[in-house]
Amino acid sequence: MPSTPAPVTLSRRGHIAVMTIDNPPVNAISPAVVAGLSTALDAFESDRTLGALLVHCEGRTFVAGGDIGSFDQPGFSALPFNRVLARLEGLDRPVVGALHGTVLGGGLELALACHWRTASPGTRLGMPEVKLGLLPGSLGTQRLPRLAGIELALDLISSGRMIGADAAQAAGIVDEVRDAQSPLQLGLDYAKEIVARNAGPRRISETQVARDALPADFFAKALADAVRKKPSYPSARAIVEAVQASALPFAEGEAIEARLFEALIRSPQSKALRHLFFAEREAARIPGLSKGVQLRAIRKVGIVGAGTMGGGIAMNFANAGIPTVLVESTQAALDRGLGIVQANYEATAAKGRLTAEQVRERMALLSGSLDYARLSDCDLVIEAVFENMDLKKEVCMRLGAVCKRGAIIATNTSTLDVNALAAATGRDQDVVGMHFFSPANVMRLLEVVRGAHTAPDVLATVMQLARRIGKVAVVSGVCYGFIGNRMAEVYMREAEFLMMEGASPSQIDGAVEALGMAMGPCRMLDMAGIDVGAKTVIEYGKAGGLPPDDSYRAVVRRLFELGRFGQKTGSGYYRYEGRRPVDDPETAKIARAMADAHGIAQRGEIARQEIVERLLYPLINEGFRILEEGMAYRPGDIDIVWTAGYGFPDHQGGPMFMADAIGLPKIVERMAHYAATRGNAFGYWAVSPLLASRAARDRRVSDLGETGR
Ligand code: 3H9
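Being a predicted model, the structure only gives us computed values, none of them experimental.

Student: How do you make sense of the pairing of strand β16 (residues 445-449) when you look at a structure like this?
Tutor: For a regular strand, the rule is simple: side chains alternate between the two faces of the sheet. Within β16, five of the five residues are buried, which leaves the element mostly enclosed by the surrounding structure. Here strand β15 (residues 431-436) runs beside β16; their pairing, made up of four bridges, is antiparallel. Across the sheet, H435 pairs through a bridge with E447, a residue of β16. Sheet topology places β16 next to strand β17 (residues 472-476); five bridges connect them, and they run parallel. When the bridges of β17 are listed, V448 appears paired with V475. Regarding topology, helix α17 (residues 456-468) serves as the crossover connection from β16 to the parallel β17, and that connection is right-handed.

Student: Would you take a moment to explain the site of the ligand for this structure?
Tutor: Within the structure, the ligand sits among 26 residues, and R60, G66, E129, R281 and R467 are positioned closest to it. Here an oxygen atom of the ligand sits 2.7 Å away from a polar atom, N or O, in the side chain of E129. Contact distances for the ligand include 3.1 Å between an oxygen atom and a side-chain N or O atom of R285. Within the complex, the protein chains bury 79% of what would otherwise be the 1,000 Å² of accessible surface of the ligand. Put simply, the parts of the chain that give the shell around the ligand at least two residues each are β5 (102-104), α3 (106-113) and α11 (268-283). The element that contributes the greatest number of residues to the shell around the ligand is α11, accounting for three residues.

Student: Mind showing me how you'd approach the domain arrangement of the protein chain here?
Tutor: Domains assigned within the protein chain are domain 1 (8-265), domain 2 (301-476) and domain 3 (484-630 + 663-698). In this structure, domain 1 and domain 3 have C-alpha centres spaced 49 Å apart.

Student: What's the story with the environment of G400 in this structure? I'm lost.
Tutor: Residue position: G400 is located in helix α15 (residues 389-402). Residue classification places G400 among the buried positions, given a relative accessible area of 14%. Sequence-distant contacts of G400, defined by excluding residues within four places in its chain, comprise I409, T425 and R427.

Student: Would you mind showing me how to read the pattern of salt bridges here?
Tutor: Pairing is possible between side chains that carry opposite charge, provided their charged atoms lie close to one another. Under the defined criterion, the tally for this structure stands at 51 salt bridges. Salt-bridge contacts for D379 lead to K404; the nearest nitrogen and oxygen are separated by 2.6 Å. With D379 in the loop between β12 (366-369) and β13 (380-383) and K404 in the loop between α15 and β14 (408-411), this pair connects stretches of sequence that are 25 residues apart. Residue classification places D379 among the buried residues on the basis of a relative accessible area of 8%. For K404, a relative accessible area of 32% translates into the label partly exposed. Residue R614 pairs with E501 through a salt bridge whose shortest N-O separation is 2.8 Å. Highlighted residues: R614 in helix α24 (residues 608-628) and E501 in helix α18 (residues 484-501), separated in sequence by 113 residues. Sharing partners across several salt bridges, the network here consists of R493, E494, E501, R603, E610, R614 and R678.

Student: Explain the nonpolar core here, please?
Tutor: Soluble globular proteins tend to bury their nonpolar side chains together. With 77 residues, the main nonpolar core has Y491, I508, Y573, I638 and W642 as its most contacted residues. Built from parts of two domains, this core gets at least three residues from each of domain 2 (301-476) and domain 3 (484-630 + 663-698). L41, F81, M127 and A226 belong to the second-largest nonpolar core, a separate cluster that totals 72 residues.

Student: I'm lost on helix α12 (residues 308-319) in this one. Help?
Tutor: Residues spaced three or four apart along an α-helix point in a common direction, a consequence of the helix completing one turn every 3.6 residues. The end-to-end C-alpha distance of α12 is 17 Å, a good match for the 16 Å that twelve residues give at a rise of 1.5 Å each. The buried fraction of α12 is high, at ten of twelve residues. Within α12, burial applies to M309, G310, G311, G312, I313, A314, M315, N316, F317 and A318.

Student: I keep staring at the packing of α18 against α24 and nothing clicks. Help me out?
Tutor: In a pair of packed helices, the angle between the axes and the distance between the axes together describe the arrangement. Running from N to C, α18 and α24 point in directions that differ by 155 degrees, and their axes come no closer than 8 Å. The pairing of α18 with α24 is recorded here as roughly antiparallel in orientation. Where α18 crosses over α24, the two elements pack in a sense that is right-handed. Across the interface between the two elements, R486, M487, V490, Y491, R493, E494, A495, F497, L498 and E501 of α18 pack against E610, I611, R614, L615, L616, P618, L619, E622, G623, R625 and I626 of α24.

Student: I would appreciate a short explanation of α18 in the present structure.
Tutor: For α18, spanning 18 residues, the distance from its first C-alpha to its last is 26 Å, which sits close to the expected 26 Å at 1.5 Å a residue. For α18, the buried fraction is high: 17 of the 18 residues fall into the buried class. Residue G502 follows α18 closely and has a positive phi angle near 125 degrees.

Student: Just to check I follow, could you spell out the packing of α18 against helix α22 (residues 554-561) for this structure?
Tutor: Running from amino to carboxyl end, α18 crosses α22 at an angle of 80 degrees, the nearest separation of the two axes being 8 Å. In terms of axis orientation, α18 runs roughly perpendicular to α22. Across from E496, M499 and M500 in α18, the residues of α22 making contact are A554, V555 and V556. Per-class residue counts for the contact of α18 with α22 are five nonpolar, no polar and one charged.

Student: Is there a simple way to think about the sheet that holds β5 in this case?
Tutor: Paired through their backbone hydrogen bonds, the strands of a sheet run either parallel or antiparallel. Spatially, β5-β7-β8 is the arrangement adopted by the three strands of the open sheet, whose pairing is mixed. Among the strands making up the open sheet, the edge pair consists of β5 and β8 (162-164). With direction set aside, neighbouring strand axes in the sheet form an average angle of 25 degrees. Bridge analysis of strand β7 (residues 124-126) against β8 gives three bridges, and the strand direction is antiparallel. Counterpart to G126 in the pairing with β8 is M162. Its contacts with the sheet place α3 against β5 and β7, and it is angled at close to 85 degrees to β5.

Student: What is the right way to look at the sheet that holds β14 in this model?
Tutor: Strands sit in the order β12-β11-β10-β13-β14-β15-β16-β17 across an open sheet of eight strands; the sheet is mixed. With one partner strand each, in any of the chains shown, β12 and β17 form the two edges of the open sheet. Averaged over all adjacent pairs, the angle separating strand axes in this sheet is 25 degrees, with direction ignored. Bridge count between strand β10 (residues 301-304) and strand β11 (residues 324-327): four bridges; the pairing is parallel. In the strand pairing of β11, V304 is matched with V327.

Student: What am I meant to see in the packing of aromatic side chains here?
Tutor: Any pair of aromatic rings gets described here by the distance separating the centres and the angle formed by the planes. The full count for this structure, using the stated rule, is 13 aromatic pairs. Here the aromatic rings of F497 and Y684 are separated by 5.7 Å at their centres, their planes lie at 40 degrees, and the arrangement is tilted. With F497 in helix α18 and Y684 in the loop between α27 (664-678) and α28 (689-708), the pair connects residues that are 187 residues apart, well separated along the chain. Accessibility expressed as a relative area gives 12% for Y684, which makes it buried. Within the aromatic cluster, the residues linked to one another by ring pairs are F437, Y491, W642 and Y646. Looking at R93, its charged tip hangs above the ring of F44, at a distance of 4.0 Å from the centre. One cation-aromatic arrangement involves R398 over Y372; the distance from NZ or CZ to the ring centre is 3.8 Å.

Conventions used here
Residues numbered from 1 in each chain as written. Predicted model: local features only at pLDDT ≥ 70, side-chain atom pairs only at ≥ 80, totals over all residues. Heavy atoms only, no water. Buried < 20%, exposed > 50% of the residue type's maximum accessible area, 1.4 Å probe, protein only. Helix = DSSP H or I, 4+ residues; strand = E, 2+ residues; numbered from the N terminus. Pairing = 2+ DSSP bridges. Right-handed = clockwise from strand over helix to strand, strands pointing away. Near = heavy atom within 4 Å. Polar contact = N/O pair within 3.5 Å; in protein donor to acceptor, adjacent residues only side chain to side chain. Areas by Shrake-Rupley, 256 points an atom, 1.4 Å probe, with all protein chains shown as cover. Domains from an automatic or database assignment. Contact = heavy atoms within 4.5 Å. Salt bridge = Lys/Arg side-chain N within 4 Å of Asp/Glu carboxyl O. Core = buried A, V, L, I, M, F, W, Y, C linked by side-chain atoms within 4.5 Å. Expected span 1.5 Å × (residues − 1). Axes fitted to C-alpha atoms, helices over the stretch in contact; angles between N-to-C directions. Parallel < 35°, antiparallel > 145°, perpendicular 65-115°, else oblique. Left-handed = near helix turned anticlockwise from the far one by under 90°. Nonpolar A, V, L, I, M, F, W, Y, C, P; charged D, E, K, R; others polar. Phe/Tyr/Trp six-rings, centres within 6.5 Å; stacked < 30°, edge-to-face > 60°. Lys NZ or Arg CZ within 6 Å of the ring centre and 35° of its normal.

What follows is the structure, given as structure tokens:
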């Protein structure tokens, strides 16, 4: 059996010891790395002929953090690594850290335990633990404030943002920034200088935090802010507490940080966020697709349709520096579309997030035309015309004729049959779905719809392109609504039944918003457009997809007939006072009329728990159906769709992760309850066989646990 190379080695360059961490891909601190560091320290300590210790990393980056995968291992604790850091800092000969790549979390904590830090110019530094529902658990909350001051340290740790090498130098976090042939050379040069200067150890833990300039209520305000802005994230409050403790003697602060970290690492919020971290990376892997597949080059993009969607999509490519041409059917529509894009960029510039020069550069990458011939040299063309099968087929046919050989043709449909659209192009191997979410320049999710004949290189190219434009891509098979909208359909269905039974839109939305959902179903559809929602239902009906149930989505159809298109017309499910949604007696009347027309009994107050269960359990059930039909590769993909595209709270880990937390047997039991109490003539409460079997398995495991106790 080949032996695994040691992740940490100690070698000698003259009088300098070089401790090298080599743990690809990102040199994360795993238990093996901690053990390796400890052994290397033993060797260094016992060799008094060495004048200094250099800590450096092989590969593309310095340590990018603790090994997130190891946090779930039984008995995981930050203490062994913290002991190594204390030994490192305590050495009586200078310790130099040579930084490059992304110096994050435990990586920055390792750097802070060194006495001196040098960085190559492109280095980025940060403490992103908060994004995993954690705080820095290896003395980052104690050493960073001592070095950079409380205000900046709290800002960096609370936001998780990265800063560049120059900013880090200005803040005193690194001692110098220097270009060198390699990180090793960078470190060796600096270590030699430190030795030549006869500079002794500099230990941050022996310094005190400066807090004179801070107002007396600084921490009280920071805590109140954390509670107000992030009520569902215990890490936000814990970070304030830990940073505040940096004013205490080091050992006391250390104990406080350790207590808080140990609690957070076991918290359900952190487990959920860690699940999403890995799910997001896993989603990029497509089963059966060989790694060596040759990608198609994407140098120029075309978009058909310069409406809200087309314009937003175009911005993604311009932001990534890719020339993009927008094709419209009338000059007025084109001018309007490009005008909206320009206004969007200017609004961003007004907030200071883009310079005027950047706005000019991005606009210069965008051009418009009324002529399909302008698409003939594009490597990728995305159709983003109105959601209507006949219209989209017509556009696809024209694209099949005009696009060059090997160009990828993508459809931005949100519900329609991608295989039928692919057939219309006459070259279905080149066709794929690219379902962007509105606003397309903001939302991170991209559903990539794999048609029956989509070529593997087309799929791989689009997945890679998604990364290039900053999206998180999830592959879906071809089915109505793909992953996200298919699940949203059952969620909207129940929202409307609840409304017909007497719940108000704000009661419905409030129930799921209390769980952390960015917005409930009614606000969501009002924003997307009641017209859009109703037309989708109508189209689905035409395609024979709807159940034989006249009450199905009856409210949205009625609102559409009445011209209540949602926020844009001032009323939909809600009435709008400016942008503020308020419950509208008119909606209650409409819902009551629909209930009467379809024999649905109105009830008194509906309990919040029932609303939550009736919205979420069918949605989860649909997720299981999607899995059993092979429309999604794994539950984590579904979780990414809902957290990145539908405002599902990330601290709940997505609907499938949440399902496990609730308990699958309980979900099945409640589905049966609603089937019995609400009726199940149309199979709305029929449990997916996959969910049923997983629930039975979980029940068996739990029974075994009970008897074993
Ligand atoms: C922490 O440090 C706690 C401490 O205070 C206390 C510790 C005791 N662990 O994102 P990519 C893998 S908490 C394990 O595609 P990029 C990742 O799964 C941690 N694995 O590349 C992927 O694997 P695969 C604080 C990790 O170039 C591969 O590396 N640190 C870790 O777009 C490439 O990742 C963070 O939160 C990790 N820490 O971005 C940093 N990091 O190829 C989290 C990465 O098998 N990481 N992997 O799918 C990042 O932000 C990005 O990965 C990074 C590179 C910017 C580093």
